[in-house]
Protein chains: 2
Amino acid sequence: MPNSTQDHIVSSYTDELTALAQLIAEMGGQVEVAIENGTRSLLKLDRELADLTIVADQRIDDMQRKIDDMAVSMIARRQPMASDLRSIVTAIHVASDLERVGDMAKQLSRRSLKLEGISLQPTFYNGVKNMTNLVLRQIKLALDAYASRDADAAIAVCNNDDEVDAMYTSLFRELLTYMMEDPRNITPCTHLLFCAKNLERIGDHATNIAERAYYLQTGKQLTSDVQDLHRTQIKV
Amino acid sequence: MPNSTQDHIVSSYTDELTALAQLIAEMGGQVEVAIENGTRSLLKLDRELADLTIVADQRIDDMQRKIDDMAVSMIARRQPMASDLRSIVTAIHVASDLERVGDMAKQLSRRSLKLEGISLQPTFYNGVKNMTNLVLRQIKLALDAYASRDADAAIAVCNNDDEVDAMYTSLFRELLTYMMEDPRNITPCTHLLFCAKNLERIGDHATNIAERAYYLQTGKQLTSDVQDLHRTQIKV
């Protein structure tokens, strides 16, 4: 085969891999906006923004289908070698995690529609706000670790998940106390409990993406041993 | 190519497709047991069964990886035609839904560990029990529709999801009233609310699987128009 043709094929394949990575990055950006808007619609009880977020989720779902189709078509046409195959299959899984995060954001917005007309003390919201900031940072860091194939950054994301869980547990307890103080708080605080749970699950998806990034770079599953070792090294 | 060789290749490919379908059926069976055990551990506050369900989830996760690897290797080696490609990619997605259902079952068991030592009135449980029976039936029907590629059965599963949602809403309201009656009910009922939510999400995964089964058989997405048409036909 003449060199030029071979170069062409290789180059076009590389282009496809780059295009796939770009689609994931684009989908990641859409999902980050969805999380921000979902929480904002909840905190401000903004119906218009809630509707917007619910509609935007359709585009996120379409993106997943697009990434799926592209990945499958690449596997079928290119018969990629082991390492490329790993990276294409990982794209399918990362897109699936992002799609679920989009769903969580949509659910935050749906919840805001249920809270309409219910007066909420601003203190109830603080925990949800702080937790949103934390999981948003986790999603960003996980997508960065995936894009740059940075195993250390991926481990850091997984370790940070303890912080998300701790914040969730503390928020859960706080909301329970409001419910116990006054039965009128029970309904709104129950909705906020579910929002907190949604945010905690967004954190889990960030961890999933980070674990995939780690596997992509190292070829090994990210075990708790590795995470512990990393924690020790940081302390020292 | 001599006929015998070609036959051999075709037959072995068919064998692989059958093996893939069998793996999904096996995984589905494991997931059904996990739902049953997860709820039973919750209703009986059975720590041993809870631990067993949590450990069993590891095997469900392993099954997903196995199905993933097999599907990807088939796409890479066989370069399947459109319809086979569709069925192999669907296997990846169905396995992913089943893995999430396994997670939900694990979460039911984890919740039972949190309820230990908290006395619960049996009436609190009735709703959870009924909802478990309903979503278990939905998962079974969805897996049957998938295995037999039965589009009508798939539509029926999607239509039944309204019943799951209605039961969830009624259970949600019922649990809220217990919480309002007595603040001591707030903590246990909050845990049960999350269990109800987990069951409702298992119902959603059943719908996902049914939608995939429909697409596999018809090549079309299952829209609400088709569902409505089906409802009308049944009424007539």
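Bear in mind that the values here come from a model prediction, so they are computed numbers and not experimental data.

The rules behind the values
Residues numbered from 1 in each chain as written. Chains lettered and ligands numbered in written order. Predicted model: local features only at pLDDT ≥ 70, side-chain atom pairs only at ≥ 80, totals over all residues. Heavy atoms only, no water. Helix = DSSP H or I, 4+ residues; strand = E, 2+ residues; numbered from the N terminus. Buried < 20%, exposed > 50% of the residue type's maximum accessible area, 1.4 Å probe, protein only. Contact = heavy atoms within 4.5 Å. Least-squares fit on C-alpha atoms with pLDDT ≥ 70 in both. UniProt positions renumbered as here; feature names shortened; annotations may be inferred. Buried area = accessible area lost by both parts, 1.4 Å probe. Salt bridge = Lys/Arg side-chain N within 4 Å of Asp/Glu carboxyl O. Polar contact = N/O pair within 3.5 Å; in protein donor to acceptor, adjacent residues only side chain to side chain. Axes fitted to C-alpha atoms, helices over the stretch in contact; angles between N-to-C directions. Parallel < 35°, antiparallel > 145°, perpendicular 65-115°, else oblique. Left-handed = near helix turned anticlockwise from the far one by under 90°. Nonpolar A, V, L, I, M, F, W, Y, C, P; charged D, E, K, R; others polar.

Asker: Can you help me understand the side chain of B:Asp161 in this one?
Answerer: All names here are of chain B. Counting through the fold element by element, Asp-161 comes out in helix H5 (residues 151-181). Judged by its relative accessible area of 9%, Asp-161 falls in the buried class. Beyond its immediate chain neighbours, meaning those up to four positions away, Asp-161 contacts Gln-138, Gly-203, Asp-204 and Thr-207.

Asker: Explain the relation of the copies chain B and chain A here, please?
Answerer: Mapping one chain copy onto the other needs a rotation about an axis and a shift along that axis. Superposition of chain B onto chain A requires a rotation of 180° combined with a translation of 0.0 Å along the rotation axis, giving an RMSD of 0.0 Å. Such a combination of turn and shift is consistent with a two-fold rotation axis. For chain B, the smallest separation between a C-alpha atom and the rotation axis is recorded for B:Ala76, amounting to 2.9 Å. Comparing interface residues between copies, 100% of those in chain B also sit at the interface in chain A, which points to an isologous, same-surface contact.

Asker: When you look at the UniProt feature "domain: PhoU" (unreviewed entry) in chain A in this model, what are you seeing that I'm missing?
Answerer: All names here are of chain A. Mapped onto this numbering, the UniProt entry gives "domain: PhoU" (unreviewed entry) at residues 24-110 and 129-212. Secondary structure content for residues 24-110 is 93% helix and 0% strand, while the C-alpha to C-alpha distance between its ends is 25 Å. In residues 129-212, helix accounts for 93% and strand for 0%; the two terminal C-alpha atoms are 28 Å from one another.

Asker: Would you take a moment to explain unusual backbone geometry for this structure?
Answerer: Outside of glycine, negative phi angles account for most residues, and trans bonds account for most peptide bonds. For A:Gln79, which is not glycine, the phi torsion reads 40° and is therefore positive. Looking at the element boundaries, A:Gln79 is found in the loop between helix H2 (47-78) and helix H3 (82-115). Phi is positive for B:Arg149, close to 50°, though the residue is something other than glycine. Using a relative accessible area of 36% as the deciding quantity, one classes B:Arg149 as partly exposed.

Asker: I keep staring at the interface of chain B and chain A and nothing clicks. Help me out?
Answerer: Where interface size is given, it is often the accessible area lost as the parts come together that is meant. In this complex, chain B contributes 31 residues to the contact, which on the side of chain A involves 31 residues. Both sides of the chain B and chain A interface together cover about 2700 Å² of buried area, and 64% of this is carbon and sulfur. Taken together, the links from chain B to chain A amount to two salt bridges. As a salt-bridge pair, A:Asp97 and B:Arg100 come within 3.9 Å of each other at their nearest N and O atoms. Applying the counting criterion to the chain B and chain A interface returns four residue pairs in polar contact (both at pLDDT 80 or more). If you list the elements that add at least two residues to the side of chain B that touches chain A, you get helix H2 (47-78), helix H3 (82-115), H5 and helix H6 (186-218) of chain B. No other element matches H6(B), which puts nine residues into the side of chain B that touches chain A.

Asker: Whenever I open this one, the packing of H3(A) against H3(B) confuses me. Can you help?
Answerer: Geometry of a packed helix pair, given as the angle between the helix axes and the separation of the axes. Contact geometry for H3(A) and H3(B): axes closest at 12 Å, N-to-C directions at 55°. In terms of orientation, H3(A) and H3(B) fall into the oblique class. For the pair H3(A) and H3(B), the sense of crossing is right-handed. For the pair formed by H3(A) and H3(B), the contact residues are A:Ser96, A:Asp97 and A:Arg100 on the first element and B:Ser96, B:Asp97 and B:Arg100 on the second. Of the residues contributing to the contact of H3(A) with H3(B), the split by class is no nonpolar, two polar and four charged.

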